[in-house]
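Letter by letter, the chains look like this.
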Amino acid sequence: MSDNVILGSMTQPGPGDRLAGLYAAKPVLRILAYTDEASLVQLNNVAGFGVGILRDLLEKNAPFHTDIRFDLVQRHGKGHASDKLTPELLAGYDQIWFFGIMPCDLPAQGMPANELTDPEVAALRAWMDAGGGVLICGDHSNPKPPGADPALDELLNLGRAIAHRVPRAGEMRVWEGLPDSSIQFSHNTHQPDGRGSDINNPIPMDADGFPQELILKRYRPFNRPHPVFSGKNGPITVFPDHMHEGQLLIPENYPAEVWPSGPFGQPKPEIVARGTDKRNGSVYGVLATYDGHAAGVGRIVADSTWHHYFNLNLFGFVSEPTVAARMAEYYVNLTLWLAPARTRQQAQARMLWWLSNHPVVRMAFGNPAADVGRTALGLLATVTNPATAADLAWPLPAPTSLPEDLTLGAQLVSYWQELNASTDTARGAAELVDEGLRAAAREHAAALRRSLAETENLGASIESGLRLAHR
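Owing to the predicted nature of the structure, the values given are computational and were not obtained by experimental measurement.

A. Spatial organisation of the pairing of strand β13 (residues 283-290). Counting buried positions over the eight residues of β13 gives seven, a clear majority of the element. Looking at chain direction, strand β12 (residues 270-276) and β13 are connected through six bridges and run antiparallel. Within the sheet, the bridge partner assigned to G275 lies in β13 and is Y284. In this structure, β13 lies alongside strand β14 (residues 300-303), joined through four bridges in antiparallel fashion.

B. Structural context of the nonpolar core. Core analysis: the biggest nonpolar cluster contains 48 residues, and W97, F99, F229, Y309 and Y330 have the highest contact counts within it. Put simply, the parts of the chain that give this core at least two residues each are β1 (28-35), α1 (52-60), β2 (67-74), β11 (238-239), β12, β13 and α5 (321-338). Here the element with the most residues in this core is α5; it accounts for eleven residues. If we ignore the near neighbours within four places in the chain, the residues touching W97 are I31, L32, A33, Y34, L54, L58, F70, L135, Y331, L334, T335 and L338.

C. Focus on the confidence of the model for the protein chain. In this model, the protein chain carries a mean pLDDT of 94, and residues with pLDDT of at least 70 account for 98%. For the stretch residues 1-7, pLDDT sits under 50, and the model shows 21 contacts to residues farther than four places along the chain or on other chains.

D. Highlighting the pattern of salt bridges. Across all of its chains, the model carries 23 salt bridges by this definition. A salt bridge links R299 to D291; the nearest nitrogen and oxygen atoms lie 2.7 Å apart. Residue classification places R299 among the buried positions, given a relative accessible area of 8%. Among the ionic pairs, R427 bridges to E435, the shortest N-O distance being 2.8 Å. Looking at R427, the relative accessible area reads 25%, which means it is partly exposed.

E. Structural detail: the packing of aromatic side chains. Throughout the structure, instances matching the rule amount to 19 aromatic pairs. Where Y309 meets Y330, the ring centres are 6.3 Å apart and the plane angle is 40 degrees; that geometry is what we call tilted. Here Y309 is found in the loop between β14 and α5, whereas its partner Y330 is found in helix α5, with 21 residues between them in sequence. Neither residue differs from the other here; Y309 and Y330 are each classed as buried. Each member of the aromatic cluster is reached from another via a ring pair, and the members are F49, F70, W97, F99, F229, F239, W306, Y309, F310, Y330 and Y331.

F. Highlighting the environment of G409. Relative to the assigned elements, G409 resides in helix α10 (residues 404-419). Filtering out sequence-adjacent residues up to four positions away, G409 remains in contact with A369, V372 and G373.

G. Focus on the environment of S181. As for its placement among the helices and strands, S181 is situated in the loop between α4 (160-163) and β7 (212-213). Owing to a relative accessible area of 36%, S181 belongs among the partly exposed residues under this scheme. C-alpha separation for the pair S181 and A325, spaced 144 residues apart in sequence, amounts to 30 Å. When neighbours within four sequence positions are excluded, S181 is seen to be in contact with H140, S141, N142, S186 and H244.

H. Quick peek at the state of the cysteines. Evaluated as defined, the whole model comprises zero disulfides. There is no disulfide at C104, and the cysteine sulfur nearest it, in C137, is 19 Å away. Residue C104 is classed as buried on the basis of its relative accessible area, which comes to 1%.

I. Spotlight on the sheet that holds β14. Reading across the sheet, the eight strands line up as β2-β1-β3-β4-β14-β13-β12-β8 and stay open at both edges, with mixed pairing between neighbours. Edge positions in the sheet fall to β2 and β8 (215-216), since each has one partner strand and no second. Note that β1 and strand β3 (residues 95-98) share four bridges and pair parallel. Each residue of the ladder has a partner; that of L32, found in β3, is I96. Across the sheet, α1 touches β1, β2 and β3, and the angle it forms with β2 is around 160 degrees. Sitting on the sheet, helix α3 (residues 118-129) touches β1, β3, β4 (133-136) and β14, and the angle it makes with β3 is about 130 degrees.

Parameters and conventions
Residues numbered from 1 in each chain as written. Predicted model: local features only at pLDDT ≥ 70, side-chain atom pairs only at ≥ 80, totals over all residues. Heavy atoms only, no water. Buried < 20%, exposed > 50% of the residue type's maximum accessible area, 1.4 Å probe, protein only. Helix = DSSP H or I, 4+ residues; strand = E, 2+ residues; numbered from the N terminus. Pairing = 2+ DSSP bridges. Core = buried A, V, L, I, M, F, W, Y, C linked by side-chain atoms within 4.5 Å. Contact = heavy atoms within 4.5 Å. pLDDT = per-residue confidence, 0-100. Salt bridge = Lys/Arg side-chain N within 4 Å of Asp/Glu carboxyl O. Phe/Tyr/Trp six-rings, centres within 6.5 Å; stacked < 30°, edge-to-face > 60°. Disulfide = S-S within 2.5 Å. Axes fitted to C-alpha atoms, helices over the stretch in contact; angles between N-to-C directions.

Structural data, given as structure tokens:
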């Protein structure tokens, strides 16, 4: 989308301008898609297990305040374990999406490093602790291949090799045992196509234009879904379907050395979307999230299957533009939600700059902060979804009861005052956001005190009114 949105402008101040330090350049979110099967997972729009359609939906639908770049790296692309995860590789990316196929190490077959090595796990942990985001995927389980460690379960999950040791994220999926690909023990989310096709078969069901309908967790006070499912025109309830998905797992224990705490407590994973099995009515977890930002580390999303991202399961949506648009929204939301906190702050600063310079919002300045906020929220509704607007209004990991129009409006008032100040240098975005949020808190507290005082006087008012009524 162009920087000139709805008559707005993202004009950059020139060198030496007092506002140059307040202007936020457009951040680029860089995704590393990591796989271990070059013959299957390819960066094109033709291969069934390709991710070309995913890449195109992401890059072509990037929001106006952020760019997105998507790369695919093959672990064994130039020989066995030729492209391991190193600090140098990870440093070039904001998030990593795991699309592995292999189940385990197979040393007897010349594949001793299918699984992540100790140095790779250490590199991932440091990178994730510094804010790197992770999408962890797999699929159903298959029989253990010959030469596998005898101590392993007889059923191993597709994608286990490069994913099960990923810090924190590896604990959010089942990697051994059921479900498998059998009709009896599979997790089938296929949506009937109305033509009588067998929902236990991948074709045409995986590749058709009939998505599954999700059951979304809702959050107070607005009954909204998780931000990854927030759509511009309502919650995103459609998703690619598959006949044998994997299984999510919510850990039973949270040792502090693995799952850190922050000032608001210890964040824990939760399932935010579920799918249904049309054969028997069973309900399965489809997507789980972990908000590591609340503890100063990276965020995680765990998915029941990478089929929700592969060409095969998106082919049918190419001719269904409404569904394709909804999926593009989800993929972009996922990218934004997994972004490191520092990058999200840069994107939010860019949106605040845009709003505070927009002619529609500028006409509202001089009115109460909540009125400014309502104007800004109306403008945001034309270019983004409610979750993105809510994150901008309250960019902190702790929940709040402050009204969104007030918190956003107060931040914009701080921006507007700084844009028109006569100082030699402008304050930074973080300081203005802090000032705005504190002003919103004070104004809301004052309003609550007035309301409380009015409530405490209701008794006398009621008594006076009753006396008048009975005269």
